[in-house]
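Here is how the chains run, residue by residue.
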Amino acid sequence: MAIHQNLLGGPPPTHLPDDPEPRELLASGAAPSEVAAKYPASSLAWAQLADEAFEAGRVVESYAYARTGYHRGLDALRRSGWKGHGPVPFEHEPNRGFLRALHALARAAQAIGEQEEYERCSTFLRDSSPTAANTLG
């Protein structure tokens, strides 16, 4: 007999709905800027823009892209019933864009010396998905 209830008493995990078009375009090599323009609600496209900007040394630009992806992800989480806390599993692929944007925001905040934002985002990432925190660094 399987038990399918949360015995810890916390909120259930939030699983964002699948939005395969931006993910497939990015996987096929489309420019993240084109994907973000076509699908501005895609946290994944913004996270990829943030990663590319950070890797190129454009940290402030990375911060801006990451913040956009983070806020788009928060909007999607709230529409999916998230109440401001609880698990957002990295194992559920549609959640990865938000989690990547959150990680990118923490990374860029640290790079520009915004320590409180870095700590807030890092804690939020760990609390949302320990797997994402370990996988993304």
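Preceding this section is the structure that the text describes.
Values in this document were obtained by computation on a predicted structure and should not be read as measured data.

Colleague: What's the story with the overall build of the chain in this structure? I'm lost.
Modeller: Helix and strand counts for the chain come out as seven helices and zero strands. Reading the secondary structure of the chain in the N-to-C direction produces α-α-α-α-α-α-α. Its C-alpha atoms put the chain at 50 × 35 × 25 Å along the principal axes. Classification of the 137 residues of the chain by burial places 39% in the buried group. Once local pairs closer than 6 in sequence are excluded, the contacts in the chain between residues at least 24 apart make up 63%. Surface exposure of the chain reaches about 7,700 Å², of which carbon and sulfur atoms provide 53%. Both charge centroids of the chain, one from 13 positive and one from 17 negative side chains, sit 4 Å from each other.

Colleague: Honestly, the nonpolar core in this entry has me stumped. Any pointers?
Modeller: Side chains that are nonpolar tend, in soluble globular proteins, to be buried together. In this structure, Y70, L74, L77, F98, L99, L102 and F124 are the most contacted members of the largest nonpolar core, which totals 24 residues. Every element with two or more residues in this core is listed here: helix 4 (59–79), helix 5 (96–111), helix 6 (115–128) and helix 7 (130–136). A36, A45, W46 and L49 belong to the second largest nonpolar core, which has seven residues in total.

Colleague: Help me understand the packing of helix 4 against helix 6 in this model?
Modeller: Direction vectors running N to C along helix 4 and helix 6 enclose 40°, while the axes themselves pass 14 Å from each other. The orientation of helix 4 relative to helix 6 falls into the category oblique. In terms of crossing hand, the pair formed by helix 4 and helix 6 is left-handed. Between helix 4, through Y63, R67, Y70 and L74, and helix 6, the contact on the second element is made entirely by E117, R120 and F124. Tallied by class, residues from the contact of helix 4 with helix 6 come to four nonpolar, no polar and three charged.

Colleague: What exactly am I supposed to notice about the side chain of S43 here?
Modeller: Looking at where S43 falls in the secondary structure, it is placed in helix 3 (residues 43–55). Relative accessible area serves as the criterion here: at 9%, S43 is assigned to the buried category. Reaching out from S43, the side chain makes a polar contact with the backbone oxygen of G69 at a distance of 2.7 Å. Not counting the four nearest positions on each side in its chain, S43 is found in contact with G69, R72, G73, G97, F98 and A101.

Colleague: Quick question: what am I supposed to make of helix 5 here?
Modeller: Since the α-helix turns once every 3.6 residues, residues separated by three or four places project in the same direction. With 16 residues, helix 5 should reach 22 Å at 1.5 Å per residue; the first-to-last C-alpha distance of 22 Å fits that figure. The elements touched by buried residues of helix 5 are helix 3, helix 4, helix 6 and helix 7. A positive phi of about 85° marks G113, the residue just after helix 5.

Colleague: Got a minute to help me understand the environment of P89 in this structure?
Modeller: Here P89 shows up in the loop between helix 4 and helix 5. The residues contacting P89, other than those within four sequence positions of it, are P13, T14, H15, N95, L99, S128 and S129.

Colleague: Is there a simple way to explain the packing of helix 3 against helix 4 in this structure?
Modeller: In a pair of packed helices, the angle between the axes and the distance between the axes together describe the arrangement. Relative orientation of the contacting elements helix 3 and helix 4 amounts to 165°, with a least axis distance of 8 Å. Taken together, the axes of helix 3 and helix 4 lie roughly antiparallel to each other. Considering the relative orientation of helix 3 and helix 4, their crossing is left-handed. Touching S43, W46, L49, A50, A53 and F54 of helix 3 are V59, E61, S62, Y65, A66, T68, G69, R72 and G73, all from helix 4.

What counts as what
Residues numbered from 1 in each chain as written. Predicted model: local features only at pLDDT ≥ 70, side-chain atom pairs only at ≥ 80, totals over all residues. Heavy atoms only, no water. Helix = DSSP H or I, 4+ residues; strand = E, 2+ residues; numbered from the N terminus. Buried < 20%, exposed > 50% of the residue type's maximum accessible area, 1.4 Å probe, protein only. Contact = heavy atoms within 4.5 Å. Areas by Shrake-Rupley, 256 points an atom, 1.4 Å probe, with all protein chains shown as cover. Lys, Arg positive; Asp, Glu negative; His and termini not counted. Charge placed at Lys NZ, Arg CZ, Asp CG, Glu CD. Core = buried A, V, L, I, M, F, W, Y, C linked by side-chain atoms within 4.5 Å. Axes fitted to C-alpha atoms, helices over the stretch in contact; angles between N-to-C directions. Parallel < 35°, antiparallel > 145°, perpendicular 65-115°, else oblique. Left-handed = near helix turned anticlockwise from the far one by under 90°. Nonpolar A, V, L, I, M, F, W, Y, C, P; charged D, E, K, R; others polar. Polar contact = N/O pair within 3.5 Å; in protein donor to acceptor, adjacent residues only side chain to side chain. Expected span 1.5 Å × (residues − 1).

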